[in-house]
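Chains, contacts and geometry: an overview
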Amino acid sequence: MTARIHWRENAIERSARWWSSRAAPSPERVRVVDDALAADEGYGQACQGVGLLWRGDFHGARQLLAALGKRAERAVRPARTAVADAAAFHRYRQARAQRARTLGMLLVELDGDYRIALRRAPDVRAACRAALGPPDGTPTVLSLRELQGFVGAHEWRLKGIDVPDAGGRIHPHYGVFAPVRSEYVGLVAQAPLPVALQAADLAFDLGTGTGVLAAVLARRGVGRIVATDSDARAIECARDNLERLGCADRVQLQVADLFPDGRAALIVCNPPWIPARATTSLERAVFDPDGRMLAGFLHGLGAHLVPGGEGWLVLSDLAEHLGLRPRRQLLEAIAAAGLQVVERRDARPAHPRALDVADPLHRARAAEVTSLWRLAEIPPNKRGT
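Just so it is clear, the model here is predicted, and its values are computed rather than measured.

Considerations on the pattern of salt bridges
On inspection of all chains with the given rule, the structure shows 25 salt bridges. For the salt bridge of Glu 41 with Arg 31, the shortest nitrogen-to-oxygen distance reads 2.9 Å. Highlighted residues: Glu 41 in helix α1 (residues 39-47) and Arg 31 in strand β3 (residues 29-33), separated in sequence by ten residues. Overlapping salt bridges bring together Glu 9, Arg 14, Arg 55 and Glu 109 as one network.

Regarding the pairing of strand β13 (residues 305-316)
For β13, a buried count of ten out of twelve residues is recorded, marking the element as mostly surrounded by other parts of the structure. Inspection of the sheet shows strand β12 (residues 264-269) paired to β13 by five bridges, in the parallel sense. When the sheet's bridge partners are listed, Val 268 is paired in β13 with Trp 312. Each parallel crossover has a hand, and for β12 linked through helix α9 (residues 292-301) to β13 it is right-handed. Relative to strand β15 (residues 370-377), β13 runs antiparallel, the two sharing six bridges. Within β15, the position partnered with Gly 311 by the bridge is Leu 375.

Overview of the sheet that holds strand β1 (residues 4-9)
The six strands are arranged β1-β2-β6-β5-β4-β3 in an open sheet whose pairing can be described as mixed. Lying at the two open borders of the sheet, with one neighbouring strand each, are β1 and β3. Each adjacent strand pair in this sheet contributes to an overall mean axis angle of 40°, direction not counted. Sheet analysis places strand β5 (residues 106-110) next to strand β6 (residues 140-143), joined by four bridges and oriented antiparallel. When the sheet's bridge partners are listed, Leu 107 is paired in β6 with Ser 143.

So, the packing of aromatic side chains
Evaluated as defined, the whole model comprises five aromatic pairs. Between the aromatic rings of Tyr 184 and Trp 273, the centroid separation amounts to 6.5 Å while the plane-to-plane angle is 85°, which identifies the pairing as edge-to-face. Of the two residues, Tyr 184 sits in helix α6 (residues 182-190) while Trp 273 sits in the loop between β12 and α9, which places them 89 residues apart along the sequence. Note on Trp 273: relative accessible area 12%, which makes it buried.

Topic: the packing of helix α4 (residues 125-132) against helix α5 (residues 144-159)
Between α4 and α5, the shortest axis-to-axis distance is 8 Å and the interhelical angle comes to 90°. When the interaxial angle is binned, α4 and α5 end up roughly perpendicular. Contacts from Ala 126, Ala 127, Cys 128, Ala 130, Ala 131 and Leu 132 in α4 reach Leu 147, Phe 150, Val 151, His 154 and Arg 157 in α5. Class assignment for the residues of the contact of α4 with α5 results in nine nonpolar, one polar and one charged.

What to know about the nonpolar core
Across soluble globular proteins, nonpolar side chains show a tendency to be buried alongside one another. Within the largest apolar cluster, 38 residues are counted, with the highest numbers of intra-cluster contacts made by Val 188, Val 212, Leu 217 and Ile 225. Of all the elements, helix α7 (residues 212-219) adds the most residues to this core, at seven residues. The residues contacting Leu 217, other than those within four sequence positions of it, are Val 188, Ala 203, Val 222, Ile 225, Leu 266 and Val 268. Phe 204, Ala 264, Ala 276 and Leu 298 belong to the second-largest nonpolar core, a separate cluster that totals 33 residues.

Details of the environment of Thr 208
Looking at where Thr 208 falls in the secondary structure, it is placed in the loop between β9 (202-206) and α7. Sequence spacing of Thr 208 and Gly 223 is 15 residues, and the spatial spacing of their C-alpha atoms is 17 Å. When sequence neighbours within four positions are dropped, the list of residues in contact with Thr 208 reads Ala 214, Ala 227, Thr 228, Asp 229, Ile 235, Ala 238 and Leu 253.

Considerations on the sheet that holds strand β14 (residues 339-347)
Pairing within the open sheet is mixed, and its seven strands lie in the order β11-β10-β9-β12-β13-β15-β14. Edge positions in the sheet fall to β11 (251-255) and β14, since each has one partner strand and no second. Strand-to-strand twist across the sheet, computed as the mean angle between neighbouring axes with direction ignored, equals 20°. Along the sheet, α7 makes contact with β9, β10 (224-229), β11 and β12, crossing β10 at roughly 175°.

Looking at the packing of α6 against α7
Contact geometry for α6 and α7: axes closest at 9 Å, N-to-C directions at 30°. Considered as vectors, α6 and α7 are oriented roughly parallel to each other. At the point where α6 passes α7, the crossing takes the right-handed sense. On α7, the residues touching Tyr 184, Val 185, Val 188 and Ala 189 of α6 are Val 212, Leu 213, Val 216 and Leu 217. When its residues are assigned to classes, the contact of α6 with α7 shows eight nonpolar, no polar and no charged.

Some thoughts on α7
Counting buried residues in α7 gives seven out of eight residues, a clear majority hidden from the surface. Where α7 is concerned, the buried positions are Val 212, Leu 213, Ala 214, Ala 215, Val 216, Leu 217 and Ala 218. Where α7 terminates, the next one or two residues include Gly 221, which has phi positive at roughly 100°.

Describing the side chain of Thr 370
On the secondary structure map, Thr 370 appears in strand β15. Judged by its relative accessible area of 0%, Thr 370 falls in the buried class. Filtering out sequence-adjacent residues up to four positions away, Thr 370 remains in contact with Arg 181, Glu 183, Tyr 184, Leu 187, Trp 273, Val 314, Leu 315, Ser 316, Arg 345, Asp 346 and Ala 347.

Quick look at the side chain of Asp 57
Among the secondary structure elements, Asp 57 is positioned in the loop between β4 (50-54) and α2 (58-76). Using a relative accessible area of 8% as the deciding quantity, one classes Asp 57 as buried. The contacts of Asp 57, once residues within four sequence positions are left out, are Asp 35, Arg 119 and Arg 120.

Scoring rules and cut-offs
- Residues numbered from 1 in each chain as written.
- Predicted model: local features only at pLDDT ≥ 70, side-chain atom pairs only at ≥ 80, totals over all residues.
- Heavy atoms only, no water.
- Salt bridge = Lys/Arg side-chain N within 4 Å of Asp/Glu carboxyl O.
- Helix = DSSP H or I, 4+ residues; strand = E, 2+ residues; numbered from the N terminus.
- Buried < 20%, exposed > 50% of the residue type's maximum accessible area, 1.4 Å probe, protein only.
- Pairing = 2+ DSSP bridges.
- Right-handed = clockwise from strand over helix to strand, strands pointing away.
- Axes fitted to C-alpha atoms, helices over the stretch in contact; angles between N-to-C directions.
- Phe/Tyr/Trp six-rings, centres within 6.5 Å; stacked < 30°, edge-to-face > 60°.
- Parallel < 35°, antiparallel > 145°, perpendicular 65-115°, else oblique.
- Contact = heavy atoms within 4.5 Å.
- Nonpolar A, V, L, I, M, F, W, Y, C, P; charged D, E, K, R; others polar.
- Core = buried A, V, L, I, M, F, W, Y, C linked by side-chain atoms within 4.5 Å.
- Left-handed = near helix turned anticlockwise from the far one by under 90°.

This is the structure we're talking about:
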């Protein structure tokens, strides 16, 4: 059943479809507001869970959201600690979640064609179609932050991200994690290909997302690639990018939780790096409860490799610096799966957050290293020795 939001406006009971990327329930109380609303009053109402349905100037709504953001940041920013540990990480996530809930109380209404009936409102129809699908004539209420996310994602999709190792620009779709961190792409572009590819020219790319790593493998000369993802939206995004880059004929796309059928000479997996719960589809590229995808990759790798094949695990050690997963646990999981480390290649992050000294998790981010682990099966005669 489609979620709905209800409110009273001009003595008339009204309702509309409710949309939230976090599957948050619609506010139980809704107040219709406009440019006369003071930021302090709006912040107090938002903190109490009152939905503020905006009817004023659109630019006024953006200004109010910025003002609410400043107040929320002061209220929830956790203090920096000498050690970035698991407790600090969970406090950080709780603070960000509280901030998101508060700012998510500023609401806008889209008509049945995704238009905004506000003064100076932009045309967001293309961005909404990309995120929500074709309009069906039903009005929709959502947070202004969600709408801004639609617009930002659509701009990324149109502009694309230059990834030279993939042979051009990658265009992420809404809800699909963008390859903005080039270090992990570079690791896949530079690691020596396994000799087994000469006899069995097939690679798997697990959790392909935008298709960027499948494109890198194709550009490196791998003849056939099967790329999987559990999200149908990601599969469509990968198909779009691979067609743009001229390598779609070498990549077969499948909706699958992890492995496709068969065996390959090379299996690449860049699983979520943080063993924690994701709250949106986009966060599933970063957060994975209990490291399920990582465990699934390691446990299933041997059964899907040809003799002499390799599995490439691309993984950040940020979870280790946060005390969420010790290195020992990773090494034990590799050994328990009957695998050995052929080589490990490291890269330091170059993204801006690693340099932000004001970030409560700065110590962990500054120490982070992304690694490509080249894994192979332990020969039967050496197992247990």
